[in-house]
Amino acid sequence: MASIGKIVRWVPQLAVLSHPAMGGFVSHCGWNSILESIWCGMPIATWPLFAEQQLHAFQLKGIRELMDDKNEIRNRFKEFEKCKAAIEEGGSSYEY
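Basis of the calculations
Residues numbered from 1 in each chain as written. Predicted model: local features only at pLDDT ≥ 70, side-chain atom pairs only at ≥ 80, totals over all residues. Heavy atoms only, no water. UniProt positions renumbered as here; feature names shortened; annotations may be inferred. Helix = DSSP H or I, 4+ residues; strand = E, 2+ residues; numbered from the N terminus. Buried < 20%, exposed > 50% of the residue type's maximum accessible area, 1.4 Å probe, protein only. Arc of directions from axis to C-beta. Contact = heavy atoms within 4.5 Å.

Note on the protein: under the UniProt heading Sequence similarities (unreviewed entry), the record states "Belongs to the UDP-glycosyltransferase family."

Next comes the structure, spelled out in structure tokens:
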């Protein structure tokens, strides 16, 4: 078991990104990966491979900033929890 990080071939991405032990996500910058990362409030270190991934990566920050606990961007991602709360049952944007 790795003490600080682990590289694997495939995982249930949303479950992993939701785990409290996660500190950041190295992503190929596919649209679903970006959306799931934002949904989970997980900062992304970009590693685009082809197509539109380069454009997506251009708009995201790097690994050094990703791992800095004092980083403003990392702390702003925590604000996305408010968005999730708004669409959950009883939230300000919840519709029946």
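On we go.
Caption draft 1: Seen up close, the environment of Asp68. Within the secondary structure layout, Asp68 lies in the loop between helix H4 (63-66) and helix H5 (72-77). On a C-alpha basis, the gap between Asp68 and Gly23 in space is 9.4 Å, while along the polypeptide they are 45 residues apart.

Caption draft 2: Spatial organisation of the environment of Cys83. Position of Cys83 among the secondary structure elements: in helix H6 (residues 80-87). Residue classification places Cys83 among the partly exposed positions, given a relative accessible area of 45%. For the pair Cys83 and Ser93, spaced 10 residues apart in the sequence, the C-alpha separation amounts to 9.0 Å.

Caption draft 3: Broad picture of helix H2 (residues 31-39). Turning to H2, its buried residues are Ser33, Ile34 and Ser37. The buried residues of H2 all sit within an arc of 100 degrees when viewed along its axis, so they share a single face. For H2, exposure combined with an orientation more than 90 degrees from the buried face picks out Trp31 and Asn32. Elements in contact with the buried residues of H2: helix H1 (13-17), strand E1 (25-27), strand E2 (44-46) and helix H3 (53-58).

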